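Fold and geometry: a report
Below are the chains, spelled out letter by letter.
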Amino acid sequence: WRCGGETGRFETMGISLGELYISGLLVLNAVAILHEQRFLAKNGWGTGEFDAGPDPNSVKSKVLSIVKAVRLVMMWPLIFLNTLTVLFKLLLG
């Protein structure tokens, strides 16, 4: 809540569907650009560690499989959604 100043009204700052869409798109973009050798392996999250056979049901291996799936499956949809979002923002503000 924030006060409306001299009018005494209160304005709410809610979360709209557009803001949720932009937030989700930013998170997907962040996951899609993670580089395996430069970032993930450097921090102990590389896929080479799981070839020897650690627990495939661990949280770490499940997160890595989600990251791989997002990078593989969402490449073209992300390009389309990013282009659509930029055009929408340019045309409608």
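Residues numbered from 1 in each chain as written. Predicted model: local features only at pLDDT ≥ 70, side-chain atom pairs only at ≥ 80, totals over all residues. Heavy atoms only, no water.

With that settled, consider the packing of helix α1 (residues 17-32) against helix α4 (residues 75-92). It is the contact of α1 with α4, at a shortest axis distance of 11 Å, that shows an interaxial angle of 140°. Regarding the angle of α1 to α4, the classification is oblique. Handedness of the crossing formed by α1 with α4: left-handed. Of the residues in α4, those touching α1 at Tyr21, Ile22, Leu25, Leu28, Asn29 and Ala32 are Leu78, Leu81, Asn82, Thr85 and Lys89. Class assignment for the residues of the contact of α1 with α4 results in seven nonpolar, three polar and one charged. (Axes fitted to C-alpha atoms, helices over the stretch in contact; angles between N-to-C directions. Helix = DSSP H or I, 4+ residues; strand = E, 2+ residues; numbered from the N terminus. Parallel < 35°, antiparallel > 145°, perpendicular 65-115°, else oblique. Left-handed = near helix turned anticlockwise from the far one by under 90°. Contact = heavy atoms within 4.5 Å. Nonpolar A, V, L, I, M, F, W, Y, C, P; charged D, E, K, R; others polar.)

There is a patch of nonpolar side chains on the surface, built from Val86, Leu87, Phe88, Leu90, Leu91 and Leu92 and spanning about 700 Å² of accessible area. Secondary-structure assignment places leucine 87 in helix α4. Under the relative-accessibility criterion, leucine 87 is labelled partly exposed at 46%. (Patch = residues over 30% accessible without salt bridge, like charges linked within 9 Å, V, L, I, M, F, W, Y side chains within 5 Å. Areas by Shrake-Rupley, 256 points an atom, 1.4 Å probe, with all protein chains shown as cover. Salt bridge = Lys/Arg side-chain N within 4 Å of Asp/Glu carboxyl O. Buried < 20%, exposed > 50% of the residue type's maximum accessible area, 1.4 Å probe, protein only.)

Below, the discussion takes up helix α3 (residues 59-73). For α3, which comprises 15 residues, the first-to-last C-alpha distance of 21 Å matches the rise-based estimate of 21 Å (1.5 Å per residue) to within 8%. Residues of α3 that are buried include every one of Ser61, Leu64, Val67 and Val70, and no others. Buried positions along α3 lie against α1, α2 (36-40) and α4. (Expected span 1.5 Å × (residues − 1).)

Once that is clear, we can look at the environment of valine 31. Residue placement: valine 31 occurs in helix α1. Along the primary structure valine 31 and alanine 69 are separated by 38 residues, whereas in three dimensions their C-alpha atoms are 10.0 Å apart. When neighbours within four sequence positions are excluded, valine 31 is seen to be in contact with Val67, Val70 and Arg71.

This part covers the side chain of threonine 85. Checked against the element boundaries, threonine 85 lands in helix α4. Judged by its relative accessible area of 11%, threonine 85 falls in the buried class. Discounting residues that sit within four places of it in the chain, threonine 85 has contacts with Tyr21, Ile22 and Leu25.

Right, let's get into the confidence of the model for the protein chain. Here the protein chain averages 78 in pLDDT, and 74% of its residues register 70 or above. The least confident element of the protein chain is strand β1 (residues 2-3), whose mean pLDDT is 52; the most confident is α4, at 93. (pLDDT = per-residue confidence, 0-100.)

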